[in-house]
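Residue-level listing of the chains:
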Amino acid sequence: MDVKAVYFLRNNPKGVQDKTVEQDVLCGEIVGSALASFRALLSELYLPILEAQKSWGKNSEEHTAEFLAGLTKFSETLTEAASSLEGGLDLRKPDEKHMTSISVKPSGFNTAANDPKIANYFEGILQEWCTQVDKLLEEGEKQIEKSSKQADDLGPDTELEFWRGRMAKFNSITEQLKGDDCKLVLGVCMAARSAAHRNWKVIDMKVTDAGNEAKDNVKYLTTLEKSLEPMYLDTPEVVIDSLPALMNNIKMMHTIARYYNTPERMTTLFCKITNQMINNCKTHVLAAGQLWNQDKPSLLVNLELCLSLNQGYQEQYKLTRDRLMSQPKGKQFDFNEGKIFSKFDLFCKRVSKLLDMFTTIHQFSILSQHTHIDGLEEITSSFFKIVDDFRRKPYDLMDYTRNAFDRDYLEFNVNIHDLETTLQAFINNSFENISSTDQALNLLRQFQGILQRDTLKADLDDKYLVIFQNYGLDLDAVQKLYEKHKHSPHLVRDAPPVAGNIMWSRQLLRRIEEPMKKFSKDKGITLSKESRRIVKTYNRVASTLIEFEMLWYQGWVKSIEGSKAGLQASLLVRQPQTGRLVVNFDKEILQLLRETRYLQRMGVTVPEGARMVALQSDRFKRYFNELTDMVKKYTALMNSLSPEIQVVLAPHVDDLERKLSPGLYILTWTSMNIDNYIARVTGGLTALSDLWSQVNDLLTNRIQANLREVSESILLDLPSDRSFNFEDFVSHQNKFLQSKTQALVVRNQEVERGVKELLGVIKAFPRENSDMILPEEAITDFTKHYETEMYQAVLTSTRRTFDKMKRRLGSRSSGGFLFVERPFFEVDIELCIPEVSLNPSLEDIQASIISCAKLLLKVSSSIEMWGQSDVGGKKRTFHEVIAKDKEVMKVLLLLTGSIKGLKNQVWTYIDGFNKYSVLWKKDLQKEYQTFMETGPTLEMFEAELKKYMAFEMEIAQISPVHNIGALSLETQPMKNSLRSAAATWKAQFAQNLHKQGHNDLKKMIDYMRETSLKLNRKVEDLEDVRTAMGVLKEVREREGEIDSLMVPVEEIYALLGRYEVRVTKEETDMVGDLRYSWKKLRKLATDITDNLTCLQVGFKRELLKEVKVFITDVVAFRQNFDENGPMVEGLEPTEAVDRLKKFQQLFEVRKRKWTNYSSGEELFGLPVTEYPELERTEKEITLLDRLYSLYVTVINTINGYGDFFWVDVQAQIDQMSETVMTYQAQCKKLPKSLRGWQVDKSKMLEMFSQQSECVKFIKVDAYGHMEDNPVFAQGNIEVWLQSLVDGMQTAVKGIIKKAHAVVSEMPLEDFVFGHPAQISLLGIQFMWTTDMQNGLTMAKNDKSIMNKTLKKVDAMLREMIVITCRDTLVKNQRTNLETCITVHVHQRDTSDELVKKKI
C-alpha cells in the first residue's frame, strides 16, 4: 500500500452525536498491508473472543457452530490471500533517472531505443523478467504434476489453495505490467526490436493462459467448498448425507470446466477427497481419546460409521458414473477408480479388523464383570493379558499402512481361540460341580446371557438334561429334610411360631416347585421314560408339605378367642413393690397381631375375629407407644427432681397425679376416650416439664453455676510455671485479691436473687388444684439450704487457696532447668565482695507471705449473709464463720514459718562457694608478678593454668538454678562473676606463654616457606647452583636442632589447648602441620641434592670455559675505565658523575660474575682465580661514589633554593644553615685521598629556572657594557648567600636595563623568546606604558592620537596571537607567550576604556 489508510468504528449503538463524537467513534491507522492487518485483527482478536464466548442468546448451538466454522474458514482464506500477495513475483523496475528522463510515449520509446546503452539496459531488465516468469511457469507445472502423484494425506482444500496462490501470482504480474515503469521497459524494447521482446511475447501468452486457467479452476473449485465443509467440520454420518450434493457438484464441474475436466486432475481431486474422508473418520474415531481408553460400544458404532462412509461414497460415485453412462454423448467418469478408492478400501480393511478385535474385547469385558462366578477370574485375567500385550505395541492402530498390525491381529485371534477352548472346559467343569438345581439353572442362565460367541452357545443347550437328573437328587434331599425337622423346624428370625412353620414348609415346596416349572416348559425332558420317576416323587413330596401347612393353620384359628380377653385390662398399673408406673398390655394380643400380620403377608386367609383385631393393630400399637412414652416421660421427670425441689413443687406434682388416676382404675384398651386421656396427661406432663425447665434453668445457670464458680475460685495467683520476687508478689496478689473479692460479692448477690426468682416462678405457674397451698416453712428451708451452700462454697474457695499456697511454698522442686513446678520465689546469689549474699533476703520473703495470707483471710469479710435489711446497723458477713474454721487457722499458722525453716539449708548451700574465694580476695597483678619473679618453667605455667582451668570447670558444673523448698536460688550471676574471675587469672598466666609460642612458630614456618622457595628455584647457572648448595647446607645444619625447636612450640600449644586458652584456628593448623612441613622440606632437599649431583659435571666444564672468557673481559674493562672513566683529568663534575654511574652499572655486572665464579670454584674444589683489576676498580668506584654523591646532593639542594620566594628565605634560613653544616661535616669525613680531588665547588656564574631559563650573573657598567659577575660560595653561609642575593639582583637589574634599551628596536618575537619570561613580560609593559603616555600627552593637540594608539596595541596583540598558531613552538615558549598575551589583553582593555571615556 503506497498511501495511508484509516478506519472508523461507531462505538455508540444509538448513533454518533456532535458533542460526544470522541466517545462515539473509534479510529486508527492501518500500517502496512491492509489485508494483513485485517487478517491479524480477525484471527488474533475477534475469533479467539468469539470462540471463548459461552452465551449466544437465542442462537442455537448448531447455528453458533456453523457461524464459527465459517469465520474460521474466512480467516484461513485471508491468511492464504495475504501469503500469496507477499509471495508474488516482483518484477525488476528501471531506475528513477530513466523514469524521469524518458516519457511513456512512442516518441520517448524511439528516442531511448536509439541510445544503445539505454536499449541494452532495458533489454537486460526484460530478459530478467523472462527468466523470472519462465521459472514461475515451470515451477507451477512441476507442482501440478507433483500434486497428481502425491500419496500423502492432503485434502481437497489444498487444490483450492494451490490455484488461488497461482492466480494471485499471475494477477500480481498483470497488475505490475499495467504500471508506467513496466510499460516503459516493454515500449523501449519493442521500439528497439530486441530479442528479449520476442521472447516476452511468447511468455506473455503463456502467462495469459496460465492466469485464465488458474481463475477458471478457482471459480469451479470454490463451488465445491460448501459440499466439502462437512469433511472438515462434521461427523462421518453428516458426510454421508452430503455425498449426493458433492457428487452432483463434481459432475457439473467436470462437465463445464474448461481446464479442470481432465481425467488426471479429476482423479487427483477424488484422491484428495478420499484422503479427507479418511482423516475425517480418524478424527471422529479418536475424538474420545485413544482407542483402548474409549467406551467400547461407542467405539464400535464409530467404526461402523467409517465402513458406512466408504460404502456410501462408492455407491454415490458409481450411481453418478452410471447416470453419465446412460448419456453417451456427455463427458463420462472415466477416472482411475482403483487409485481413487484403494486407500479408503485399505483403511476400511483395517477398520473391519479393529471392529472384530474390539467386539471380542467388549464381549470378554462383559464376562469379566461377573465376578460371582468362581474360577472365571483366571480366564478373564488371561484375556486381559492378551489385550495388554497388544496395547503395548508401539504403532498407531489407525495407521493402515503399517503391516505389523496384521501380524499382531492374527496372533490375537489365535490367542482368543485358545482362550475360548479354555472357557469351554471351564463351563463343563462348572456344571460338574453344581450343588443344587436352582444353582445349576441360574448358572446356565448366566452363561447364556454373557456368552455371545457362536462357538459356546451350542454347548450350553446340552446342559438341561444333566441338570434335570440332578433335580431328582434334590427331591430326595427335601423329603429327608422334612422328615427330620417336621416337629421342630428352623424358623425365620423373629417370625411367630405358626407363621414360621408355614414359611418353612412353603420354602421346601418352593425349592422343588420352581425348577419343575422351568423343566415343564421343555416337553422333551419331562415326557421321557427316565423322567417319570422324578415326577412321581415330586407329586408325593409336594402333597405332604401342603398338608403340614394346613395342620398348623387350623390350630391357630382355635386359639384366637382366648387371646382377645386381654383387651379388657386397665391401661396403667403400679408395681406393688416399687410403686413404679407401667403400661398394662397383654403379650398374647401382641402375639395374635404378629401371627395375623405374617400370615396375611404370606397370602393366608385369616378368620374374621383375628382380622378385626388386626385392623385395630395400629390403634393398639399407637396407644401402647403413646402410653409407654408418657410413662417414660413421667418417670424421667420425677427422677430429675431433687428432694429440696420436690418440696417446693409438691402442689404441681399433685396436680399431675390427679390427671393420671383414670388410667389406673377406669379406662381399658377398648375404651373410646383413650385419646382424650392421653392428651390430658400429656398436657399435664408438658406443663410440669415447662415449670421444671424454668426452675432448672434458674437452678443450673443462676444458682449452681455461681456456687460452683465460687467454690472453684482460687483467690491468689499462684502459677506453677512462674516465680515471683518479693516486691512484685505482694502488690500483684493484692490486685488479684481485689478483683476476686469483687467477683465473689457479685456471685453471692446473684445466687440470692436467683433463689428468690425461682420461688416466684413456682408460685406464679398455673395449675388446676388451686386448693393446695405451698407452706412458708418449705420456702424458708429452701432459702436456708442455698445460703448454706454459698457459705460452703466461700469456705471451699478459701481452703483451696490456702492449700494451694501451702503446697507452692512447701514444694520440693529439683535443681536444674527441667522441673514440673517452678519454685515460688526467685532469689539471686550474688558476689558482693568480700562476701556472698542473697537478693532478696529470707526475712523479706517471709514478710511478704504473711502479708498475703492476711489479705486472703479478709476476702470473706466483704461477702454478706442473706436476708439482712439494707437500712442501718453493721451487717453480718461470712468472715465471722470462716475465720473460726480450724483448717483455715491451721494452714495460716503453718505459713508464718514456711521460709524460716529453709534458712539453714540456704546458707549451707551458699557456704559451698567459699572455696573459690581466692579469685576475689587475692590481688591478681601482685600474685602474677610474684610468680614471674621465680623464673617459671613450662611445668610451672601448666600447674597454674591447670588450677584455674579446674576452677572454670567446677564453676561451669554448678547448676544455674538450685531449688530449696519454695526458693529458686539463681546461681547464674554468681557463676558469671566466678567464671570471669577465673578466666582473667588464667588469661594472665597464658598471655606470655602464648606470645612466646606464637613467635617461635612464626619463625619456623617462615624459615621453611622461604627455604622451600629457594630450593624450588630452577637451577640454570652457577649462581643458582651456589645458592642451592648454600640452602642445602643450612638445612643439614638445622636438622640436628629441629626437635629442640619444634618440641617446645608443640608443648606450649598443647598446654594452651588443654586448658582452653583461645588460639586461632590458623595457629592450631600451623602447629599440626609443623612436622609434616619439615618432612616435605627434607624430601625436597634430598631431591635437589640428587638433581645437583646429576648436573655437576656439565656445570664444572661450563665454569672453566666462562672463567677464561671473564679474565679477558676484566682486563678490557679496566683499560676502558682508565681511558674513559670518571678519573680522567679535566672533566667537569657533571660529566664525571655521568661516567661514574655508567661504570658503576658495568662493574656490578662483572662483580656478580666474579662472585659466582669464585663460589663455583670453591664448590667444585678448584683454585680460586684472582682479579686484581676488579679489586682496584671496586675500591676506586667506592671512593668516587662517596665524593660525587655528596657533590650531587649539594648541587640539588642549592638548585632547590631557587624555588623559594625571597620573602620565604628568612623563614627558611635556619634550616638552610643546618643543611649546609651537615654537608660540611660530611666533607670533613671524606677519606684523605679525596680531599685533594680537583672539583670547582665554589664558583657560581648562572641561575636556571625549572623551565630551563638562564639568568647569567653579570653586571652592566656605566657605559652599558656587560661583564661576568661570579659569586663564590666560600666562607660563612650567611656571607656567601648574601653575596648570591646581591649578585642575582645586580644581574637582573643589568638585564632589565639592557632589555629596556632594545625593546623598541628588536622584533617582538625575538624580544619575547630572547629574554627570560619575566623580562619579556616587563618589556611589553614598558612598551604599552610608553605608548599610552605619549598618546595622553599628545591628545591635547591631536584628537585621533588615542585611537591610533589603541590600534597599535591591537596590532601587537594580534601579532602575538599569530605566533601562538605555529606548531614549531616548544612548550616553554608557548607558555611564556600565552602569559604575555594574557597581560597584554588587560592592557588593551584599559586602553579601550580610556578611548571610550574620550580622555
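Nothing here was measured: the structure is a model prediction, and the numbers come from that model.

Engineer: Is there a simple way to explain the overall build of the protein chain in this structure?
Structural biologist: When helices and strands are tallied, the protein chain shows 52 helices and 14 strands. Per-residue burial for the protein chain yields a buried fraction of 40% across its 1399 residues. Across the protein chain, the fraction of contacts at a sequence separation of at least 24, relative to all contacts at a separation of at least 6, is 75%. Just so you have it, the protein chain exposes about 80100 Å², and 53% of that area is on carbon and sulfur atoms.

Engineer: Mind showing me how you'd approach the pairing of strand β6 (residues 835–839) here?
Structural biologist: Working note: regular strand, side chains alternate between the two faces of the sheet. Taken together, the five bridges between strand β5 (residues 825–832) and β6 define a ladder with antiparallel strand orientation. Residue pairing across strands places D828 opposite N839, the latter belonging to β6.

Engineer: Even after reading the chapter, I still don't get the environment of W866, so can you show me in this structure?
Structural biologist: Tracing the sequence through the fold places W866 in the loop between α32 (842–857) and α33 (879–882). Taking relative accessible area as the criterion, W866 reaches 9% and is therefore assigned buried. Spatially, the C-alpha atom of W866 lies 6.7 Å from that of E787, the residues being 79 residues apart in sequence. Not counting residues within four places of it along the chain, the set of residues in contact with W866 comprises N748, V751, E752, V755, T783, Y786, E787 and M790. Only 2.9 Å separates the side chain of W866 from the side chain of N748, close enough to count as a polar contact.

Engineer: Explain the side chain of S711 here, please?
Structural biologist: Its place among the elements puts S711 in helix α29 (residues 674–712). Here the side chain of S711 touches R708 through a polar contact of 2.9 Å, landing on its backbone oxygen.

Engineer: Is there a simple way to think about the sheet that holds strand β8 (residues 967–970) in this case?
Structural biologist: Each strand in a sheet pairs with another by means of backbone hydrogen bonds, the pair being arranged parallel or else antiparallel. Here four strands make up an open sheet; going across it, the order is β6-β5-β8-β7 and the pairing mixed. The two strands at the open ends of the sheet, each matched to only one other strand, are β6 and β7 (961–964). Here the strands of the sheet are splayed against their neighbours by 25° on average, with no regard to which way each runs. Sheet analysis places β7 next to β8, joined by four bridges and oriented antiparallel. Bridge pairing in β8 links N963 to S968. Its contacts with the sheet place α32 against β5, β6 and β8, and it is angled at close to 165° to β5.

Engineer: Just checking my understanding: could you explain the packing of helix α26 (residues 617–640) against α29 for this structure?
Structural biologist: Packed helices, taken two at a time, are described by their axes: the angle between them and the distance between them. At a minimum axis distance of 11 Å, the contact between α26 and α29 shows a crossing angle of 25°. The pairing of α26 with α29 is recorded here as roughly parallel in orientation. Where α26 crosses over α29, the two elements pack in a sense that is left-handed. For the pair formed by α26 and α29, the contact residues are R622, Y623, E626, L627, M630, K633, Y634, L637, M638 and S640 on the first element and I674, D675, Y677, I678, V681, T682, L685, L688, S689 and W692 on the second.

Engineer: Please clarify how the environment of E1175 should be interpreted in this entry.
Structural biologist: Tracing the backbone shows E1175 in helix α45 (residues 1172–1201). Between the C-alpha atom of E1175 and that of K1151, which follows or precedes it by 24 residues, the distance is 9.6 Å.

Engineer: Sorry, what's going on with helix α24 (residues 587–601) here?
Structural biologist: Three- or four-residue spacings in an α-helix give side chains the same orientation, since the helix completes a turn every 3.6 residues. An ideal rise of 1.5 Å per residue puts 21 Å on 15 residues; α24 measures up with 21 Å between its terminal C-alpha atoms. Taken together, the buried positions of α24 are occupied by I589, L592, L593, E595, T596, Y598 and L599. On its buried face, α24 is in contact with α20 (497–520), α22 (532–558), α23 (560–563), α25 (608–615) and α26. One or two steps after α24, the chain reaches G603, where phi turns positive at roughly 90°.

Engineer: How should the packing of aromatic side chains be read in this particular structure?
Structural biologist: For any pair of aromatic rings, geometry is given as the distance between the ring centres together with the angle between the planes. Considering all chains together, one arrives at 33 aromatic pairs under this definition. Judged by centre distance (5.4 Å) and plane angle (80°), the rings of Y121 and F122 are edge-to-face. As far as burial versus exposure is concerned, Y121 and F122 are alike and both buried. Aromatic side chains F585 and F620 sit 6.5 Å apart centroid to centroid with 50° between the ring planes, which places their arrangement in the tilted category. Of this pair, F585 sits in the loop between β4 (581–583) and α24 while F620 is found in helix α26, placing the two residues 35 residues apart along the sequence. The same class applies to F585 and to F620, which are both buried. Joined through ring pairs, the aromatic side chains of F270, Y313, Y317, F333, F335, F341, F344, F347 and Y400 make up one cluster. Positioned above the aromatic ring of Y598, the side-chain terminus of R601 is 6.0 Å from the ring centre.

Engineer: What should I look at first to understand unusual backbone geometry in this one?
Structural biologist: With the exception of glycine, the majority of residues adopt a negative phi angle, and the majority of peptide bonds are in the trans configuration. Of note in the backbone geometry, R193 takes a positive phi value of approximately 50° without being a glycine. If you trace the backbone, R193 turns up in the loop between α8 (180–192) and α9 (195–222). Residue classification places R193 among the exposed residues on the basis of a relative accessible area of 69%.

Engineer: Explain a nonpolar patch on the surface to me, please; I cannot follow it from the model alone.
Structural biologist: A surface patch of nonpolar side chains, amounting to about 800 Å² of accessible area, comprises Y7, L9, L26, F38, L41, L45, Y46, I49 and F74. Those elements giving two or more residues to the nonpolar patch turn out to be β1 (5–10) and α2 (34–52). Ranked by the residues each element gives to the nonpolar patch, the list is headed by α2, at five residues. Mapping I49 onto the fold places it in helix α2.

Engineer: I would appreciate a short explanation of the confidence of the model for the protein chain in the present structure.
Structural biologist: Any residue range with low pLDDT should be treated as having predicted coordinates unsuitable for detailed reading. Per-chain confidence: the protein chain averages 79 in pLDDT, with 87% of residues scoring 70 or above. Mean pLDDT across the secondary structure elements of the protein chain bottoms out at strand β9 (residues 1243–1244), with 56, and peaks at α29, with 89. In the model, residues 813–819 has pLDDT below 50 throughout and makes twelve contacts with residues more than four positions away in sequence or in other chains.

Engineer: Explanation requested: the pattern of salt bridges in the structure shown.
Structural biologist: Two side chains with opposite charge may pair up if their charged atoms get near one another. Scanning the entire structure with this criterion turns up 43 salt bridges. Its salt-bridge partner being D629, residue K633 comes within 3.3 Å of it at the nearest N-O pair. Pair noted here: K633 and D629 are both in helix α26, with a separation of four residues, about one helical turn. We classify D629 as partly exposed; its relative accessible area is 37%. A salt bridge links K1396 to D1392; its shortest N-O distance comes to 3.2 Å. With K1396 and D1392 both in helix α52 (residues 1371–1396) and four residues apart, this pair spans about one turn of that helix. One connected set of salt bridges, linked through shared partners, spans D655, K659, R680 and E768.

Engineer: Please clarify how the nonpolar core should be interpreted in this entry.
Structural biologist: In a soluble, globular protein the nonpolar side chains are often hidden away together inside. Of all hydrophobic cores here, the largest spans 122 residues; its most connected members are L572, Y677 and L967. No other element matches α29, which puts 14 residues into this core. Excluding anything up to four places from it in sequence, L572 contacts L581, V582, V583, N584, M630, V631, L660, G663, L664 and Y677. The next biggest cluster of nonpolar side chains, apart from the first, holds 72 residues, and it includes F333, V351, Y400 and L419.

Engineer: For this particular structure, what's the right way to read the packing of helix α12 (residues 263–286) against helix α13 (residues 296–325)?
Structural biologist: In the contact formed by α12 and α13, the axes pass within 9 Å of each other and the chain directions differ by 165°. For the element pair α12 / α13, the angle class is roughly antiparallel. Handedness of the α12/α13 crossing: right-handed. Here α12 contributes F270, I273, T274, M277, C281, H284 and V285 to the contact with α13, which in turn contributes L299, N302, L303, L305, C306, L309, Y313 and Y317.

Engineer: Help me understand the environment of Y260, please; the structure alone is not making it clear to me.
Structural biologist: Mapping Y260 onto the fold places it in the loop between α11 (236–256) and α12. What makes Y260 buried here is its relative accessible area of 1%. C-alpha of Y260 to C-alpha of D216: the two residues are 44 residues apart in sequence and 8.1 Å apart in space. In this structure, Y260 is in contact with E159, W163, N217, L221, M253, R265, M266 and L269, ignoring residues within four places of it in sequence.

Basis of the calculations
- Residues numbered from 1 in each chain as written.
- Predicted model: local features only at pLDDT ≥ 70, side-chain atom pairs only at ≥ 80, totals over all residues.
- Heavy atoms only, no water.
- Helix = DSSP H or I, 4+ residues; strand = E, 2+ residues; numbered from the N terminus.
- Buried < 20%, exposed > 50% of the residue type's maximum accessible area, 1.4 Å probe, protein only.
- Contact = heavy atoms within 4.5 Å.
- Areas by Shrake-Rupley, 256 points an atom, 1.4 Å probe, with all protein chains shown as cover.
- Pairing = 2+ DSSP bridges.
- Polar contact = N/O pair within 3.5 Å; in protein donor to acceptor, adjacent residues only side chain to side chain.
- Axes fitted to C-alpha atoms, helices over the stretch in contact; angles between N-to-C directions.
- Parallel < 35°, antiparallel > 145°, perpendicular 65-115°, else oblique.
- Left-handed = near helix turned anticlockwise from the far one by under 90°.
- Expected span 1.5 Å × (residues − 1).
- Phe/Tyr/Trp six-rings, centres within 6.5 Å; stacked < 30°, edge-to-face > 60°.
- Lys NZ or Arg CZ within 6 Å of the ring centre and 35° of its normal.
- Patch = residues over 30% accessible without salt bridge, like charges linked within 9 Å, V, L, I, M, F, W, Y side chains within 5 Å.
- Salt bridge = Lys/Arg side-chain N within 4 Å of Asp/Glu carboxyl O.
- pLDDT = per-residue confidence, 0-100.
- Core = buried A, V, L, I, M, F, W, Y, C linked by side-chain atoms within 4.5 Å.

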